[in-house]
Amino acid sequence: MSDREAPLKLVSAPAQQSATTGSSGLLRRIAEGQRVAATVDPDILGLEPVLDIRSFNLWYGEKQALFDINFPVPKGKVTALIGPSGCGKSTLLRCVNRLNDLVEIVRIEGDMLLNGDSIYGPAVDVIELRKRMGMVAQKPNPFPMSVYENVVYPLRIDGERDKRVLDQVCESALQGAALWDEVKDRLDESALGLSGGQQQRLCIARAIAAEPEVLLMDEPASALDPIATGKIEDLIYALKGEYSILIVTHNMQQASRVSDYAAFMYMGNLIEYSPTGQMFSLPKLKETEDYISGRFG
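Values in this document were obtained by computation on a predicted structure and should not be read as measured data.

Rules used in this analysis
- Residues numbered from 1 in each chain as written.
- Predicted model: local features only at pLDDT ≥ 70, side-chain atom pairs only at ≥ 80, totals over all residues.
- Heavy atoms only, no water.
- Axes fitted to C-alpha atoms, helices over the stretch in contact; angles between N-to-C directions.
- Helix = DSSP H or I, 4+ residues; strand = E, 2+ residues; numbered from the N terminus.
- Parallel < 35°, antiparallel > 145°, perpendicular 65-115°, else oblique.
- Left-handed = near helix turned anticlockwise from the far one by under 90°.
- Contact = heavy atoms within 4.5 Å.
- Nonpolar A, V, L, I, M, F, W, Y, C, P; charged D, E, K, R; others polar.
- Salt bridge = Lys/Arg side-chain N within 4 Å of Asp/Glu carboxyl O.
- Buried < 20%, exposed > 50% of the residue type's maximum accessible area, 1.4 Å probe, protein only.
- Pairing = 2+ DSSP bridges.
- Core = buried A, V, L, I, M, F, W, Y, C linked by side-chain atoms within 4.5 Å.

1. A look at the packing of helix 6 (residues 163-176) against helix 8 (residues 196-209)
It is at 8 Å that the axes of helix 6 and helix 8 come closest, and there the two elements cross at 125 degrees. Considered as vectors, helix 6 and helix 8 are oriented oblique to each other. Note that helix 6 runs across helix 8; the crossing there is right-handed. Between helix 6 and helix 8, the contacting residues are Val-169, Ala-173, Leu-174 and Gly-176 on the first element and Leu-202, Ala-205, Ile-208 and Ala-209 on the second. When its residues are assigned to classes, the contact of helix 6 with helix 8 shows seven nonpolar, one polar and no charged.

Below is the structure:
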């Protein structure tokens, strides 16, 4: 991480405690089922969004998991979703590429717009929609095929057969994922023979090979060792600007290092959404400060 600025100094706090037994009236009202308005930095609203989440609600059967989520994800930036386990971060992320459609008991209200196009409109082709996005999961999930075929897979399924095009995309994507020098002589070998960190960067290469409009990452370094985690963080930092990234992370230091904006969620509600530097050094809400500093979560 030598090419980056030093991580932000996080607010500090004593040992953790339960949010609902602390002094926060806001979090207590949420726990009691009341609706609360999110605190959103007004400057973010003036930025061009790659993704615009509008009045989004989600239920698993009778249980509501997301409550009236509204916020834009700025284009060309890294936006981190943070919050305690079970707060709805990954659920919200999976809604962007409609993976939650696979759960029969899910019901949603509201919409999301990808570069102005409805994600949940009745005429949306979900397969075509997912081609406009890249997805990187918690654990590396390379396909049981060669390194080369893993990278060019999105182009293969879209009908591309020109080997010159495939070769160019493969090298470009692996260069973009900071993996080319490590695997350029192993392109015909099984991707399963790579280390865990290399596999995750390969998955990122596969995700960016199709030049997605938004790149979704669900705790992409949670299964990796510290050295591999550092390489993934360096890669995320290098990709921003060229790609718009929405990342879920439980690691506060990681969020402070890689993201431009951070959205704090609690029990399915958006609590605060601010530039990362502001949120981690001078948050607008005490509840945000309590979470970041480790008082609960």
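Picking up where we left off.
2. Observations concerning the pattern of salt bridges
The full count for this structure, using the stated rule, is 16 salt bridges. Residue Asp-158 pairs with Lys-131 through a salt bridge whose shortest N-O separation is 2.9 Å. Note that Asp-158 is positioned in the loop between helix 5 (147-157) and helix 6 and Lys-131 in helix 4 (residues 126-131), a separation of 27 residues in sequence. Given the relative accessible area of 29%, Lys-131 is considered partly exposed. One salt bridge in this structure joins Lys-163 and Asp-167, with 3.0 Å as the shortest N-O distance. With a gap of four residues between them, Lys-163 and Asp-167 both fall in helix 6, about one helical turn apart.

3. Describing the sheet that holds strand 2 (residues 49-60)
One open sheet holds the four strands; their spatial order is 3-2-5-6, and the pairing between them is antiparallel. Each edge of the open sheet carries a strand with a single partner, namely strand 3 (63-74) and strand 6 (117-118). Here helix 3 (residues 89-96) sits on the sheet in contact with strand 2, strand 3 and strand 5 (106-114), set at roughly 115 degrees to strand 2.

4. Details of the nonpolar core
In terms of nonpolar packing, the biggest core is built from 56 residues, with Leu-174 and Ile-245 touching the most fellow members. If you tally residues by element for this core, the top one is helix 8, at six residues. When sequence neighbours within four positions are dropped, the list of residues in contact with Leu-174 reads Val-147, Val-151, Leu-179, Trp-180, Val-183, Leu-187, Leu-202 and Ala-205.

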